[in-house]
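# Architecture and fold: a report
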Amino acid sequence: MVAEFLDQIKEITAHGALSMAIALGIKLNLFEALAEVSSEENPATPEQVAEIASLKPRYETQNVFDFFSRYVREWLCAMACGGIIEVDTTGEKFWIKKNRVEIMIGPSRNHAFTQTSMFPSYGKVFYDIVNVFQKDGPYGMDYSSYADFYQVMSALSQSWHKKTLVKDFIPMIGMKERLQEGILVLDVGCGNGFHVCELASHFPKSHFIGIDITQKAVDEANSRTNGHKNVEFICMNAADMSKEWTDKFDLVFIFDACHDQCRPDLSVKEIHRVLKPTGLFAMVEIDGTSNCYKDKQEKGSTAALFYTASLFHCLPVGSNTSDALGLGAMWGIERGKNLLKDAGFTNVKVEKCPGFEVNCVYLSHK
Ligand SMILES: C[S@@+](CC[C@H](N)C(=O)[O-])C[C@H]1O[C@@H](n2cnc3c(N)ncnc32)[C@H](O)[C@@H]1O
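Once a new chain begins, its residue numbering starts again from 1 and follows that chain's sequence as written. For a predicted model such as this one, the threshold for reporting local features is a pLDDT of at least 70, and the threshold for listing and counting side-chain atom pairs is 80 or more; totals across whole chains, interfaces and linings nevertheless cover every residue. To get the side-chain values, all heavy atoms of the structure are used, and hydrogens and water are removed first.

## With respect to the UniProt feature "domain: Methyltransferase" (unreviewed entry) in the chain
UniProt positions are given in the numbering used here, feature names are shortened, and annotations may be inferred rather than shown by experiment. UniProt feature "domain: Methyltransferase" (unreviewed entry): in the numbering of this structure it lies at residues 181–287. For residues 181–287, the helix share is 27%, the strand share is 33%, and the end-to-end C-alpha distance is 31 Å. Helix and strand assignments follow DSSP, with helices taken as H or I runs no shorter than four residues and strands as E runs no shorter than two, numbered in order from the N terminus.

Okay, structure coming up:
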């Protein structure tokens, strides 16, 4: 038993290290470079990969061991030993298995792969997180502490939702026809605008407003509108929306942005106010049970991943005021339903989202 547990810890440590290295490969386009220059029949040297990725080339020093592109080689070796890519018997040539290329690169990169990109930003705030645990430490963390958060989040959202958002999710919530006819839609906590822009391009007769609490998110969102005239992004606290918006929206979305607000209770009350009496509120959230034991039983390592992601990001940003609720990503369906009912929503239904593996959606009316 003890030996088994020690093996488990060793695996966890190795996988933690590999996660960081996969994230590095994603950031430096190394998987793309390797896929471009290699195959099982023609595996590539580190020099070839470095050249395609425009990274440090071959070292020309006196030392006989230095005749290769060392950083890229080290990364390739880590990936090969981790079973992510392949290495030939010389130990010097590498390739990606054909049936894995699509999982690892480009727009259809698998979300499990993309998810490794979270870890470098957690490493950056590691000592700040140590501080928030302290009795005299700050309440939490500000979004600005996570340098490239909006880009990482947007990449994650795309890898989670892009394939199925329009094709499966919108019909499932019963809004396809109304969006085609033209309605007014609000996305609360829109980040840098992936969902709004994706929906706006498919439903040109509808008008989309995205609000986010940080100007950085709004600026990034505005830079991706791609000329769509049916899109607006506004810097606004969801807990205190425009007084002129009462009964205004046909459809209000939240995509993974309720649990990390400091006062999600106030913002859901505001959503209740700004939703038309006939409108629909669709809140996409992390699918948790509100019970750690059940999360462990039902979701295993996915639950562990999201509790950890919450620890390093969602909980600290959602705890950053003296009156914050600090829900965390795994607050779960029981707490979610209560929050919506307390805000006045009736007939709250919670459904699995087609294709959104880690999510559920709360569908509610006034
Ligand atoms: C986890 S991100 C999700 C972003 C985006 N919806 C997505 O799925 O890619 C949460 C977002 O909520 C925003 N946010 C947090 N508190 C907010 C508040 N009180 N009002 C509006 N936006 C808020 C954050 O700035 C962040 O962009």
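This is not the end of the story, as more comes after the structure.
## Overview of the sheet that holds strand 3 (residues 184–188)
One open sheet holds the 7 strands; their spatial order is 5-4-3-6-7-9-8, and the pairing between them is mixed. Of all strands in the sheet, those with a lone pairing partner are strand 5 (231–235) and strand 8 (346–352), marking the two edges. Averaged over all adjacent pairs, the angle separating strand axes in this sheet is 20°, with direction ignored. A pair of strands counts as paired when DSSP detects no fewer than two bridges linking them. Of the strand pairs in this sheet, strand 3 and strand 4 (residues 207–212) are connected by 5 bridges, and their pairing is parallel. In the sheet register, Asp187 faces strand 4, and the bridge partner there is Gly210. Angles shown run from 0 to 180 degrees and are taken between the N-to-C directions of axes, each axis being a line fitted to C-alpha atoms and, for helices, limited to the stretch in contact.

## Description of the domain arrangement of the chain
How big an interface is tends to be stated in terms of the accessible area lost upon association of its parts. Here the domain parsing of the chain yields domain 1 (2–106) and domain 2 (113–365). Between domain 1 and domain 2, the C-alpha centre-to-centre distance is 35 Å. Buried area adds together the accessible area that both of two parts lose upon being put together, with accessible area traced by a 1.4 Å probe. Surface buried jointly by domain 1 and domain 2 totals about 680 Å² across both partners, of which 78% is contributed by carbon and sulfur atoms. Whenever two N or O atoms come within 3.5 Å, that pair is a polar contact, provided that in protein one can donate a hydrogen and the other can accept it, and provided that, for residues adjacent in sequence, both atoms are side-chain atoms. Along the contact surface separating domain 1 from domain 2 lie 0 residue pairs in polar contact (both at pLDDT 80 or more). Only helix 1 (2–27) and helix 5 (101–104) provide two or more residues apiece to the side of domain 1 that touches domain 2. Its residues placed into classes, the side of domain 1 that touches domain 2 shows 8 nonpolar, 1 polar and 1 charged. Note that the domain bounds were set by an automatic or database domain assignment. Amino acids outside the nonpolar list (Ala, Val, Leu, Ile, Met, Phe, Trp, Tyr, Cys, Pro) and the charged list (Asp, Glu, Lys, Arg) are all regarded as polar, and Gly is one of them.

## Regarding the environment of Ile85
Mapping Ile85 onto the fold places it in the loop between helix 4 (70–81) and strand 1 (86–87). Separated by 16 residues in sequence, Ile85 and Val101 have C-alpha atoms that sit 9.7 Å apart. Here Ile85 is in contact with Phe31, Leu34, Leu76, Met79, Ala80, Phe94, Trp95 and Ile96, once residues within four sequence places are set aside. Here, two residues are considered to be in contact whenever any of their heavy atoms come within 4.5 Å of each other.

## So, the pairing of strand 3
Of all the 5 residues making up strand 3, 5 are buried; the element is thus mostly covered by neighbouring parts of the structure. Note on classification: 1.4 Å probe, protein chains only; a residue is buried when its accessible area is under 20% of the maximum for its type, exposed when over 50%, partly exposed between these limits. The alternating pattern of strand 3 places Leu184, Leu186 and Val188 on one face and Val185 and Asp187 on the opposite face, and all of these are buried. If the strands point away from the viewer and the path from the first strand over the helix to the second runs clockwise, then the crossover is right-handed. Crossover handedness for the path strand 3 to helix 12 (residues 194–202) to strand 4: right-handed. Across 4 bridges, strand 3 lies against strand 6 (residues 249–255) in parallel orientation. When the bridges of strand 6 are listed, Val185 appears paired with Leu251.

## Quick notes on the packing of aromatic side chains
Pairing of aromatic side chains requires ring centres within 6.5 Å, counting the rings of Phe and Tyr and the six-membered ring of Trp. Pairs whose planes differ by under 30 degrees are stacked, by over 60 edge-to-face, and all others tilted. Applying the stated rule across the entire model yields 17 aromatic pairs. Judged by centre distance (6.5 Å) and plane angle (25°), the ring pair of Phe126 and Phe312 falls under stacked. With a gap of 186 residues between them, Phe126 in helix 8 (residues 126–133) and Phe312 in helix 15 (residues 292–317) connect regions that are remote in the sequence. Ring plane angle 20° and centroid distance 6.1 Å describe the contact between Tyr143 and Tyr150, whose orientation is recorded as stacked. You'll find Tyr143 and Tyr150 in the same group, each marked buried.

## What to know about the site of the ligand
Summary of the distance rule: residues count as near a molecule or strand when at least one heavy atom falls within 4 Å of that molecule or strand. Taken together, the neighbourhood of the ligand is formed by 20 residues, with Tyr150, Ser157, Gly189, Asp212 and Phe255 sitting nearest. Backbone polar atom of Gly189 to a nitrogen atom of the ligand: 2.7 Å apart, as the coordinates give it. A 1.4 Å probe and the Shrake-Rupley method give the accessible areas. Residues count as covered only by the protein chains that appear here. Protein chains shield 96% of the accessible area of the ligand, which is 600 Å² for the free molecule. In terms of residues, the shell around the ligand owes the most to one element, helix 9 (residues 149–161), which gives 4 residues.

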